[in-house]
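# Commentary on secondary and tertiary structure
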Amino acid sequence: MAQGPQAKLSDALQVALVSRLARELNTEMRPADVLQRVLSTSAEALGVPFASIISLKDKEFDSAFALGGDPETTPFLMQYIFGRGLAGYVAHNLRTVVIDDIENSPLWLPLPNEPLSPQTGSALCTPLIHAGKVIGVMTLAHPAPGYFNEDAASLADTIAEMGAAALTYTQMLESSRLAENRFASLFDDAIVPIIITDLHGAIQQVNRRACEFLEYARDELISRNIAAVHRMGTGPIGTDRFAHLERGLEVRFQSIVWTKDGSSKPVQVYARRINSGEDDDRIQWIEHDMTSQFALEQLRQDLSMMVYHDMRGPLGNVYTSLEAIKSLLGDDIDPSVKSLLELASRAERQVRRMVDALLDVQRLEQGSKLINRENTGLSLLVNRAVSQMQPQASDKDIRLRMALADNVPLLYIDVDMIERVIINLLDNAIKYTPEGGMVTLSTASGTDEVYVRIKDTGPGIPVDAQPVIFDKFARVKQRNMPYGAGLGLAFCKLAVEAHGGRIWVHSEPDAGSTFTFALPIETSSAHEVPLVDTKAPS
């Protein structure tokens, strides 16, 4: 490298300039500020009148500055130079290049009448590299040929390294700040109330909709506990309210929120841990206002209850009328008339069971407790249920078989409700069993539970339908299957679970279905000795 007439500053002054730059770069800056400080310090330290710097993103032109350049036109000029001249070459080869005579160098792009690009002299171009990635290029030029020696190139490299590190940091900081601002804007403008707490429930951030919904000012909610905003200990939150959330699981539950004036509103809460695994983990609570839905649901329930209750009156009249007709006709009734009356009576009982099931489903879904419980022998219920369903089975030539266990303890149950459970399961089995088939009802007694099983010889339940078979209004969709409202099994599940029991089904294609429910063994008083149920005749 030629040793030219460089007007070299003293080593002490260069060190002072580099130290000043280091201090400046350690302050909070924008990327544009970093580029301009690096550019001005390099020009001052190396005594050059021409200097420009280009920043890159993914090796593509991003922005540019030049000493004495017009902020509006300089970027366009630098982009042109980067695509065709020395800066682009250096960025591609990742090394500093010194040109002793720019007039005779093919790398220098001559730009007549452009004061930022001299036509004669020498130039130095160095890449800004951080973590092996080029993020910028700095070009220095001087009117004198052979101006830049090895010391000048070393000093330029040192300043470029400092600038590259600072530029990377400020770009990351700016990206983070932009992302944070976007998040803050999205968070605050969200149409649903959102609350951010720490892992112990202390509120740290709320959006504008949450403030409006809860009728608090933002600073009034900060540092309150989430338990002061809405009722906890509900659903999956339970008594160990944060255990699920600390494990990173999403929790959904219904609750009540209290506004500043003490009024309450129903909400559906979605809670989850965010930034899992970090020391500053948070819990995000999204509160969906359910006031309108609850009002509509309450109206629907009220109307349904009114309709169901009003249906009981006409059904009672139908039953009374049928019984009066039977009584008036006496024993000499014509067989065909008797058959029609029996058919009408069975239809009336079926509709009455459906209405009772609708009322019970609604009552049990609302969490109503059982009030008509008494100690009852299971065989008595089974025999009454089988007696009611025998005509329906006989119409299809289906045999009803009973296999009842001995020594079954008394059950403390709502007798009418459990009897209807057995009737519904029998009715279901008879419906789906082909003519000439068999339905078996059996009982068994365990240590803590009594079991009732109803097995049919029907086509079975498809595997994909089994998980939802007990859902309200769910029906098995199979060809040539009888129509049903999909309410009977839902009632059975609610009724059994209201007694602290459980119900399930086992079914295989073309092998029939077995419905089993279990009821806990308990009496109305701990001091009462359970009587032993006797085996009923089959």
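Residues numbered from 1 in each chain as written. Predicted model: local features only at pLDDT ≥ 70, side-chain atom pairs only at ≥ 80, totals over all residues. Heavy atoms only, no water.

### What to know about the overall build of the protein chain
What counts is decided by this rule: Put simply, DSSP marks the helices as runs of H or I at least four residues long and the strands as runs of E at least two long, and each gets a number from the N terminus on. Throughout this description, buried means an accessible area under 20% of the type-specific maximum (1.4 Å probe, protein chains only), exposed means over 50%, and partly exposed covers the range between. Any two residues whose heavy atoms approach within 4.5 Å at even a single point are treated as in contact. Using the Shrake-Rupley algorithm and a 1.4 Å probe, accessible areas are obtained, with residue cover drawn only from the displayed protein chains.
Secondary structure summary: the protein chain contains 13 helices and 19 strands in total. Of all 538 residues assigned to the protein chain, the portion counted as buried reaches 43%. Residue pairs at least 24 apart in sequence account for 61% of intrachain contacts in the protein chain once pairs closer than 6 positions are excluded. On the protein chain, roughly 28400 Å² of surface is accessible, and the fraction owed to carbon and sulfur atoms is 52%.

### Describing the side chain of Glu419
With respect to the helices and strands, Glu419 occurs in helix α12 (residues 415–432). The exposure class of Glu419 is buried, given its relative accessible area of 10%. Each residue touching Glu419, except ones within four places of it in the same chain, is listed here: Leu381, Arg384, Ala385 and Gln388.

### Side note on the pairing of strand β5 (residues 133–142)
Defined as follows: Between any two strands, at least two bridges found by DSSP are needed for them to pair.
Across the ten residues that make up β5, a large majority, nine, are buried. Sheet topology note: the strand β1 (residues 50–57)/β5 ladder contains six bridges and is antiparallel. The partner of Phe50 across the bridge, within β5, is Ala141. When strand β4 (residues 122–130) meets β5, the two strands line up antiparallel, connected through nine bridges. When the bridges of β5 are listed, Leu128 appears paired with Gly136.

### Description of the environment of Arg231
Here Arg231 shows up in the loop between α7 (218–221) and α8 (243–246). Beyond its immediate sequence surroundings of up to four residues, Arg231 is in contact with Phe253, Ser255, Ile256 and Trp258.

### What about the layout of surface pockets?
Formally: The definitions used throughout rest on a 1 Å grid laid over the protein atoms alone, on which a cavity is an enclosed set of points accommodating a 1.4 Å probe that cannot get out and a pocket is an open set flanked by protein within 12 Å on both sides along at least five of seven lines; lining residues are those having an atom within 4 Å of a point. Grid points are joined across faces, edges and corners, and a volume is the space filled by probe spheres set on the points.
Of the volumes computed, that of the second largest pocket is approximately 250 Å³. Lining the second largest pocket are 22 residues, and of these Ser52, Ile81, Trp108, Leu116 and Thr139 lie nearest its centre. When contributions to the lining of the second largest pocket are tallied by element, the ones reaching two or more residues are β1, α3 (74–84), α4 (86–93) and β5.

### Examining the sheet that holds strand β12 (residues 399–403)
Applied cut-off: Only the stretch in contact is used when a helix axis is fitted, and all axes are lines through C-alpha atoms; the angle between N-to-C directions ranges over 0 to 180 degrees.
The strand order across the open sheet formed by five strands is β12-β15-β16-β18-β17, and the pairing between neighbours is mixed. This sheet does not close on itself; its edge strands, each paired only once, are β12 and β17 (502–507). The average undirected angle you get between the axes of adjacent strands in this sheet is 15°. Set on the sheet, α12 makes contact with β12, β15 (438–445), β16 (449–455), β17 and β18 (513–520); between it and β18 the angle comes to about 175°.

### Regarding α4
The α-helix winds at 3.6 residues per turn, so residues separated by three or four positions along the chain end up facing the same way. Taken together, the buried positions of α4 are Leu86, Ala87, Gly88, Val90 and Ala91. Where α4 is buried, its residues touch β1, α3, β3 (97–99), β4 and β5. Phi for Leu94, located one or two positions after α4, is positive at around 55°.

### Some details on α3
For the record, the criterion: Throughout, the arc means that of the directions going from the helix axis to the C-beta atoms.
Among the residues of α3, those classed as buried are Thr74, Leu77, Met78, Ile81 and Phe82. When α3 is viewed along its axis, its buried side chains cluster within an angular range of 135° and face the same direction. When the buried face of α3 is taken as reference, the exposed residues oriented beyond 90 degrees from it are Phe76, Gly83 and Arg84. Along its buried surface, α3 packs onto β1, β2 (60–66) and α4.

### Details of the nonpolar core
How we decide: We define the nonpolar core as a collection of buried residues of types Ala, Val, Leu, Ile, Met, Phe, Trp, Tyr and Cys that are connected through side-chain atoms lying within 4.5 Å of one another.
In terms of nonpolar packing, the biggest core is built from 45 residues, with Val421, Leu425, Leu426, Leu441 and Phe517 touching the most fellow members. A total of ten residues in this core trace back to one element, the largest contributor, which is α12. Leu441 has contacts with Val382, Val386, Arg401, Met402, Ala403, Leu404, Ile422, Leu426, Val452, Arg453 and Ile454, leaving out every residue within four places of it along the chain. The next biggest cluster of nonpolar side chains, apart from the first, holds 31 residues, and it includes Val48, Ile53, Phe148 and Ile159.

### A look at the packing of aromatic side chains
For any pair of aromatic rings, the description rests on two quantities: the centre-to-centre distance and the angle between the ring planes. The following threshold applies: Note on aromatic contacts: the rings of Phe and Tyr and the six-membered ring of Trp form a pair at centre separations within 6.5 Å, being stacked when their planes are under 30 degrees apart, edge-to-face when over 60 apart, and tilted otherwise.
Scanning the entire structure with this criterion turns up two aromatic pairs. Taking 5.1 Å as the distance between ring centres and 85° as the angle between the ring planes, the aromatic pair formed by Tyr147 and Phe148 counts as edge-to-face. Phe148 shares its class with Tyr147; the two are buried. Plain terms: the ring middles of Phe470 and Phe515 are 6.0 Å apart, the flat faces sit at 85° to each other, and that makes the pair edge-to-face. One end of the pair, Phe470, is in the loop between β16 and α13 (488–498); the other, Phe515, is in strand β18, and 45 residues separate them in sequence. Both residues of the pair, Phe470 and Phe515, belong to the buried class.

### Topic: unusual backbone geometry
One non-glycine residue, Ala131, lies in positive phi territory at about 55°. Positionally, Ala131 belongs in the loop between β4 and β5. Ala131 sits in the exposed class, given a relative accessible area of 76%. Phi angles above zero are rare outside glycine, and Asn407 is one such case at about 55°. As for its position among the elements, Asn407 is in the loop between β12 and β13 (408–409). Judged by relative accessible area, Asn407 falls into the exposed class, the value being 56%.

### Overview of the sheet that holds β5
In spatial order, the strands read β2-β1-β5-β4-β3; together these five strands make up an open sheet with antiparallel pairing. Each having just a single partner strand, β2 and β3 make up the two edges of the open sheet. The sheet shows a mean angle of 15° between the axes of neighbouring strands, taken without regard to direction. Against the sheet, helix α2 (residues 31–46) contacts β1, β2 and β5, and its axis sits at roughly 150° relative to β1.

### Regarding the pattern of salt bridges
Condition: A pairing counts as a salt bridge when a side-chain nitrogen of Lys or Arg comes within 4 Å of a carboxyl oxygen of Asp or Glu.
Per the stated rule, a full pass over the model turns up twelve salt bridges. Here Glu212 ties to Arg209 by a salt bridge, and the two come within 4.0 Å at their closest N and O atoms. Residue Glu212 and its partner Arg209 are located together in helix α6 (residues 208–214), separated by three residues, close to a single helical turn. For Asp416, the salt bridge goes to Arg420, with nearest N and O atoms at 3.1 Å. Here the residue Asp416 and the residue Arg420 both occupy positions in helix α12, the gap between them amounting to four residues, near one helical turn.

Geometric values such as these leave the question of function open.
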